[in-house]
Amino acid sequence: MATNDLIQALRLEYHDRDEENPLLEDEQLERAVNRAVVSVNKDLKRSYSVDDDGNFVPDLEDDDREVLLLYALFVVCRMMQAKTARNFSFSSGDKKVDKTKQPSYWAELGRGYLTQYQQAVSDRNPEYGGGVPVVTPLIYGSD
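The rules behind the values
- Residues numbered from 1 in each chain as written.
- Predicted model: local features only at pLDDT ≥ 70, side-chain atom pairs only at ≥ 80, totals over all residues.
- Heavy atoms only, no water.
- Helix = DSSP H or I, 4+ residues; strand = E, 2+ residues; numbered from the N terminus.
- Buried < 20%, exposed > 50% of the residue type's maximum accessible area, 1.4 Å probe, protein only.
- Axes fitted to C-alpha atoms, helices over the stretch in contact; angles between N-to-C directions.
- Parallel < 35°, antiparallel > 145°, perpendicular 65-115°, else oblique.
- Left-handed = near helix turned anticlockwise from the far one by under 90°.
- Contact = heavy atoms within 4.5 Å.
- Nonpolar A, V, L, I, M, F, W, Y, C, P; charged D, E, K, R; others polar.
- Patch = residues over 30% accessible without salt bridge, like charges linked within 9 Å, V, L, I, M, F, W, Y side chains within 5 Å.
- Areas by Shrake-Rupley, 256 points an atom, 1.4 Å probe, with all protein chains shown as cover.
- Salt bridge = Lys/Arg side-chain N within 4 Å of Asp/Glu carboxyl O.

Draft legend 1. Layout of the environment of Ser89. As for its placement among the helices and strands, Ser89 is situated in strand E3 (residues 89-92). Classification of Ser89 by relative accessible area gives partly exposed; the value is 45%.

Okay, structure coming up:
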């Protein structure tokens, strides 16, 4: 599977169909995919990489592809949250445009994708602790 296929799947998922003015550039989506690969490798104990031609080595398993997409969508939401952080509110007469809430909507969507990712990973890797290391307390006592 090629990263371009995953980028197209990302665009479809968050409804970015405007080819002339995309919400995010291909380079940004490639960055999201690369960050997702790092997380999936760590959390699912895989060894995926992307070769010089933009193909996954080894080829992605279907289940891993879906988990990778969830994390990449989380990263996309964080990018969109940053992109929309400077949006404005404008009113003139009876017309009002308020884009100041967009970052919080992207943040909420991102939290949903992250929760889905964590659930999918914990279903497949019982040792996964949601990104938080498991701590076992030691209790010392006297006999």
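Draft legend 2. Broad picture of the packing of helix H2 (residues 26-44) against helix H3 (residues 62-83). Relative orientation of the contacting elements H2 and H3 amounts to 130 degrees, with a least axis distance of 8 Å. Viewed along their axes, H2 and H3 adopt a mutual orientation that is oblique. As for the relative orientation of H2 and H3, their crossing is right-handed in sense. Counted together, Gln28, Leu29, Arg31, Ala32, Val33, Arg35, Ala36, Val37, Ser39, Val40 and Leu44 of H2 and Asp64, Val67, Leu68, Tyr71, Ala72, Val75, Val76 and Met79 of H3 form the full contact between these two elements. Partitioning the contact of H2 with H3 into residue classes produces 14 nonpolar, 2 polar and 3 charged.

Draft legend 3. Expanded view of a nonpolar patch on the surface. Taken together, Phe88, Phe90 and Val97 make up a surface patch of nonpolar side chains, about 280 Å² in accessible area. As for its position among the elements, Val97 is in strand E4 (residues 95-98). According to the relative accessible area criterion, Val97 is partly exposed, its value standing at 36%.

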